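Topology and contacts: notes
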Amino acid sequence: MTETTDPGSRTSASAQGLQRIIISVDAMGGDRGPAAVVAGLGKSARKNKHIGFILHGDKDEVEPLVAKRPELKGICEVRHAEGVVTMTDKPTQILRTGKNTSMWSAIDSVKNGEAEVCVSCGNTGALMALSMMRLRKLPGVSRPAIAVFWPSRNPIGFNIMLDGGADIRADEMDLLQYALMGASYARNGHGIQRPRVGLLNVGTEEHKGRAEIKAAADLITDAAPVANFDYIGFVEGGDLLSDRVDVIVTDGFTGNVALKTGEGTAKMVNEALKDAFLATPLSRIAALLATTSLRRLKKRMDPRRSNGGVFLGLNGTVVKSHGSADATSFSAAIKLAFDLAQSGFNEKLAARVAYTPGDTQDAPALIEKKASAEE
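Thresholds, definitions, all that
- Residue numbers here run from 1 along each chain, matching the order of that chain's written sequence.
- In view of the model being predicted, local features appear only for residues whose pLDDT reaches at least 70, and side-chain atom pairs are presented and counted only at 80 or more, with totals across whole chains, interfaces and linings using the full set of residues.
- Side-chain metrics in this entry use all non-hydrogen atoms of the structure; hydrogen atoms and water are not considered.
- Counting from the N terminus, the helices are DSSP H or I runs at least four residues long and the strands are E runs at least two residues long.
- A 1.4 Å probe rolled over the protein chains alone gives each residue an accessible area, and that area as a share of the maximum for its type sets the label: buried under 20%, exposed over 50%, partly exposed in between.
- By definition in these notes, contact holds between two residues if any of their heavy atoms fall within 4.5 Å.
- Each accessible area is a Shrake-Rupley result for a 1.4 Å probe, and residues are judged covered by the shown protein chains and nothing else.
- Note on pairing: DSSP must find at least two bridges between two strands before they are called paired.
- Lines fitted to C-alpha atoms define the axes here, with helix axes fitted over just the stretch in contact, and angles between the N-to-C directions of these axes take values from 0 to 180 degrees.
- We call a set of buried Ala, Val, Leu, Ile, Met, Phe, Trp, Tyr and Cys residues a nonpolar core when their side-chain atoms join them within 4.5 Å.
- A helix's residues, less one, multiplied by 1.5 Å, set its expected span.
- Counted as salt bridges are all cases of a side-chain nitrogen of Lys or Arg within 4 Å of a carboxyl oxygen of Asp or Glu.
- A patch consists of residues whose relative accessible area exceeds 30% and which take part in no salt bridge; residues with like charges are grouped when within 9 Å of each other, and nonpolar side chains (Val, Leu, Ile, Met, Phe, Trp, Tyr) when within 5 Å.

**Examining the overall build of the protein chain**
Within the protein chain, the secondary structure is distributed over 13 helices and 11 strands. Counting over 375 residues, the protein chain shows a buried share of 51%. Within the protein chain, residue pairs in contact and separated by at least 24 positions form 72% of the contacts whose partners lie at least 6 positions apart. As displayed, the protein chain offers around 17300 Å² of accessible surface, 54% of which is attributable to carbon and sulfur atoms.

**Thoughts on the sheet that holds strand β9 (residues 247-249)**
A sheet is described by the order of its strands in space; here 11 strands give the open sequence β3-β2-β1-β4-β11-β10-β5-β6-β9-β7-β8, paired in mixed fashion. Two strands bound the open sheet, and with one partner strand each, they are β3 (76-80) and β8 (230-235). Put simply, the sheet's adjacent strands are angled 25° from each other on average, direction ignored. Two strands pair when backbone bridges link them, and strand β10 (residues 309-312) and strand β11 (residues 317-320) are joined in this way by three bridges, in the antiparallel orientation. From the neighbouring strand, V310 faces β11, where its bridge partner is V319. Its contacts with the sheet put helix α7 (residues 211-227) on β7 (196-200) and β8, and the angle it makes with β8 is roughly 165°.

**Considerations on the nonpolar core**
I23, F53, L55, Y185, L199 and F229 are the most contacted members of the largest nonpolar core, which totals 70 residues. Ranked by residue count, the leading element in this core is helix α6 (residues 172-190), at 10 residues. Counting 30 residues, the second-largest nonpolar core is a separate cluster that includes I22, W104, L130 and W150.

**Brief notes about the environment of V245**
Tracing the sequence through the fold places V245 in the loop between β8 and β9. The exposure class assigned to V245 is buried, which follows from its relative accessible area of 0%. Each C-alpha atom of the pair V245 and V197 lies 6.0 Å from the other, and the pair is 48 residues apart in sequence. V245 has contacts with N154, N159, R196, V197, G198, I232 and D239, leaving out every residue within four places of it along the chain.

**Section: unusual backbone geometry**
Cis geometry marks the peptide bond from L162 to D163, where omega comes out at 15°. Within the fold, D163 resides in the loop between β6 (158-162) and α6. In this structure, R136 takes a positive phi of about 70° despite not being glycine. The topology assignment puts R136 in the loop between α5 (124-135) and β5 (145-151). Looking at R136, the relative accessible area reads 53%, which means it is exposed. The phi dihedral of N228 falls on the positive side, at around 65°, and the residue is not glycine.

**Examining α5**
Its 12 residues give α5 an end-to-end C-alpha distance of 16 Å, which sits within 8% of 16 Å, the value for a rise of 1.5 Å per residue. Of all the residues in α5, the buried ones are A126, L127, M128, A129, L130, S131 and L135. Looking at the buried residues of α5, the elements they touch are α3 (91-97), α4 (102-111), β4 (117-120), β5, β10 and β11. Count one or two residues on from α5 and you reach R136, which has phi positive near 70°.

**Thoughts on the pattern of salt bridges**
As enumerated under the stated definition, the model contains 15 salt bridges in all. A salt bridge links R196 to D246, with the shortest nitrogen-to-oxygen separation between them at 3.0 Å. With R196 in strand β7 and D246 in the loop between β8 and β9, the pair connects residues that are 50 residues apart, well separated along the chain. On the accessibility criterion, R196 (25% relative accessible area) is partly exposed. The closest approach of N and O atoms between R210 and D251, which form a salt bridge, is 3.7 Å. Placement of R210 in the loop between β7 and α7 and of D251 in the loop between β9 and α8 (252-277) is noted, with a sequence separation of 41 residues between them.

**Some points on a nonpolar patch on the surface**
A cluster of nonpolar side chains, I168, F253 and V257, forms an exposed patch at the surface whose accessible area comes to about 310 Å². Its place among the elements puts V257 in helix α8. A relative accessible area of 45% places V257 in the partly exposed class.

Quick look at the structure:
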């Protein structure tokens, strides 16, 4: 039997008088299937009594999984969608034929105002294409971006990088918009009151980089004082993990290559540590003595705990979970979605970027005009 949320639950009060925030979830897109998704919802529900879900997928497969988790009783509505967007599907194909898929249905729940945020661990290209078609871009946004987390030495444990792969191209106005959106995301989504923004380049010297990078640097420099962030100039690849910057701005091609390189490097280091500690009897003893420190390091570097890339620049919030997400990882993406919805993030972002991309010379003045609406 399907557990259905109270029709008024999105705005009704809980026992403590607080609103329940509804998250729309694509149950079918991940590598691990709906079992991992539902397990992640269960972990989130046990930690948060002010959350509810609309779960989209094959009822015959999803409902039994939900029924096994008493913590989801009364807060999780299952909506049948027989189609599944696979990782190999082309975005253009899904735009034409994907109306019956769980991903399409999940996005439409946000479009129709039934849910605050959509979360999916499905095909990134298809998710972005459907999100742009169904939700549309915010006024003034030329190219939406994916904001991703990068482990760092900052107090919050990570830096924010965008674009993580939404669009491989970006001119100077796109990079300016990424800086504005990234700063707004850091401030309203993660409590960094005055974010430090850096522009990723092949060097920190002013004369280095492509023409659009240099032009973007000038625009961001002018925008920073009125948009309430600090522009620290060009940053290099080594700064991705540093504590001298909060938001790193780059095009989607460079950002995605950097992201995949970082993931591969972290995996290699993890495997190398395992091999080193298992190499000899003495190293095994050393591993036992260092267990607490190794466990602390593993927790700090665990990508599952910072899972979730946010699509910025749309008329609605969409969170992209990693395709191979397990229950812990998917629960982290749900927490991110809940926090963004609770902060009213997308409305504040819309106020920050609402100016015409062609008005390059007037951009700072227009940013200042909208700035008060964001805070």
